[in-house]
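Remarks on the overall topology
For reference, the chains in residue letters:
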Amino acid sequence: MLTQEELKQNVAKAAIDYVLPLLGPDVVLGIGTGSTANLFIDGLADHKHRFKGAVSSSERSAARLSALGIAVFDLNQIERMPLYIDGADEIDGGLNMIKGGGGALTREKIVASVADRFVCIVDESKLVPYLGAFPLPIEVIPMALAAVARRLARFGGNAVLRKDFVTDNGCRILDVSGLSIKSPAELEAEINNIPGVVTCGLFAIAGADVALLSTQDGVQQLHSPRSQSRNN
Ligand code: 5RP
């Protein structure tokens, strides 16, 4: 029986195999945040001379990439990325996700939006029939925290302020449990419309295009039913 850590290592290796054919001297990759993304970054370092560099979704990942000698670019310098690769806290069969357990959801959504393809790398514990057991992270402008929490209560959400955590954007995170996430893209749009919300941790309006799912029987590839390259 493989441990969760071993499953994460296996999916990180599979992700390296997935990206290798896409690398070239002008290629910049979008890279996410979290323990699975960290394993991917570590493996990518062995191939750092085969691509130009990366745009990162957090200061933490940027520091890790730089320490391993991978060039880190500001997103404003980059027009096109073949893919964005990152973990998730939950993913369903339609490749809708909850992200933001590491608090980097806003930059994750921004970098992913510029990439041609979102490749989600997860172990099998993250695959769920319906999103919502994992409390939904929502990044909020500090002055709006109480107002946003009250609005979320109307959806049945119980918002808890993430203690001692400030995002890379100087904002705070509400972790929201109790939501019924039957239509993830609709709920994402509704939460996005609450004044003071910077980013909702639902990635459903634009979910993953491909998921590499690490199981006891190997790494499986899942494809989104809606997926065509998003920026073509
Ligand atoms: C960070 C994220 C991560 O992708 C998510 O929390 C999964 O992390 P891990 O790979 O450590 O399980 O969204 O904001």
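Values in this document were obtained by computation on a predicted structure and should not be read as measured data.

**What about the sheet that holds strand 8 (residues 158-161)?**
With respect to topology, four strands assemble into an open sheet ordered 8-9-7-10, the strand pairing being antiparallel. Taken across any chain shown, the strands that pair with only one partner, and hence form the sheet edges, are strand 8 and strand 10 (197-200). Adjacent strand axes in the sheet meet at a mean angle of 30°, parallel and antiparallel pairs treated alike. In the sheet, strand 7 (residues 136-140) pairs with strand 9 (residues 172-177) via five bridges, with the strands oriented antiparallel.

**Regarding the packing of aromatic side chains**
For the structure shown, the criterion picks out two aromatic pairs. Linked through ring pairs, Tyr84, Phe118 and Phe203 together constitute an aromatic cluster. Positioned above the aromatic ring of phenylalanine 165 is the side chain of arginine 162, whose terminal nitrogen or guanidinium carbon lies 5.4 Å from the ring centre.

**Details of the site of the ligand**
The local shell around the ligand holds 17 residues, among which Ser35, Thr36, Asp89, Gly100 and Lys126 are the closest. Contacts to the ligand include aspartate 89, whose side-chain N or O atom sits 2.6 Å from an oxygen atom. Class assignment of the residues belonging to the shell around the ligand gives a composition of two nonpolar, nine polar and six charged.

**Observations concerning the pairing of strand 13 (residues 218-223)**
Examined bridge by bridge, strand 12 (residues 210-215) and strand 13 share six bridges and lie antiparallel to one another. From the neighbouring strand, valine 210 faces strand 13, where its bridge partner is histidine 223. Taken together, strand 12 and the strand that follows it, strand 13, pair antiparallel across an intervening segment of two residues.

**Details of the environment of aspartate 89**
The topology assignment puts aspartate 89 in the loop between strand 3 (84-86) and strand 4 (90-91). Under the relative-accessibility criterion, aspartate 89 is labelled buried at 18%. A sequence separation of 112 residues divides aspartate 89 from glycine 201, and the C-alpha atoms of the two residues are 9.6 Å apart. One polar contact links the side chain of aspartate 89 to the main-chain amide nitrogen of glycine 100, over a distance of 3.2 Å.

**Description of the nonpolar core**
Counting residues in each nonpolar core, the largest one holds 24 residues, and the members touching the most others are Leu29, Ile31, Phe40, Leu44, Ile85 and Leu212. If you list the elements that add at least two residues to this core, you get helix 1 (4-19), strand 1 (28-31), helix 2 (35-44), strand 6 (118-123) and strand 12. When residues in this core are grouped by element, the largest group, six residues, is from helix 1. Counting 22 residues, the second-largest nonpolar core is a separate cluster that includes Ile78, Leu105, Ala115 and Phe118.

**Describing the pattern of salt bridges**
Side chains that carry opposite charge are capable of pairing whenever their charged atoms lie near each other. Counting across every chain of the model gives seven salt bridges. With a closest N to O distance of 2.7 Å, glutamate 188 and lysine 109 form a salt bridge. Here glutamate 188, found in helix 6 (residues 184-192), pairs with lysine 109, found in helix 4 (residues 105-114); they are 79 residues apart in sequence, far enough to count as distant. You can call glutamate 188 buried: its relative accessible area is 4%. Note that arginine 162 is salt-bridged to aspartate 175, the shortest N-O span being 2.8 Å. Highlighted residues: arginine 162 in the loop between strand 8 and strand 9 and aspartate 175 in strand 9, separated in sequence by 13 residues. The same class applies to arginine 162 as to aspartate 175, namely buried. Among the charged side chains, a network of salt bridges with common partners joins Asp86, Lys99 and Glu108.

Reading the values: the criteria
For every chain, the first residue of the written sequence is number 1, and numbering continues from 1 onward in sequence order. Totals for whole chains, interfaces and linings use all residues, but because this is a predicted model, local features are given only for residues with pLDDT of at least 70 and pairs of side-chain atoms are given and counted only at 80 or more. For the side-chain quantities, the full set of heavy atoms in the structure was used; hydrogens and water were omitted. Only strands that DSSP links by at least two bridges are regarded as paired with each other. Helix numbering and strand numbering both begin at the N terminus, where a helix is a DSSP run of H or I of at least 4 residues and a strand a DSSP run of E of at least 2. Under this scheme, a helix contributes an axis fitted over its contacting stretch, all axes are lines through C-alpha atoms, and angles between N-to-C directions fall in the 0 to 180 degree range. Planes of paired rings set the category: under 30 degrees apart is stacked, over 60 is edge-to-face and the rest tilted, where pairs are Phe, Tyr or Trp rings (Trp by its six-membered ring) whose centres lie within 6.5 Å. When the NZ atom of lysine or the CZ atom of arginine is within 6 Å of a ring's centre and also within 35 degrees of its normal, the charge is said to sit over that ring. Being near a molecule or strand, for a residue, means having at least one of its heavy atoms within 4 Å of it. A 3.5 Å cut-off defines polar contacts: any pair of N or O atoms within that distance qualifies, except that in protein one atom must be a possible hydrogen donor and the other a possible acceptor, and neighbouring residues in sequence count only when both atoms are side-chain atoms. Each residue is assigned to one class: nonpolar for Ala, Val, Leu, Ile, Met, Phe, Trp, Tyr, Cys and Pro, charged for Asp, Glu, Lys and Arg, and polar for all the others, Gly among them. Partly exposed describes any residue whose relative accessible area lies between the buried limit of under 20% and the exposed limit of over 50%, with all areas from a 1.4 Å probe on protein chains only and scaled to the type maximum. Buried residues of nine kinds, namely Ala, Val, Leu, Ile, Met, Phe, Trp, Tyr and Cys, make up a nonpolar core once their side-chain atoms join them within 4.5 Å. In the sections that follow, a salt bridge refers to a side-chain nitrogen of Lys or Arg positioned within 4 Å of a carboxyl oxygen of Asp or Glu.

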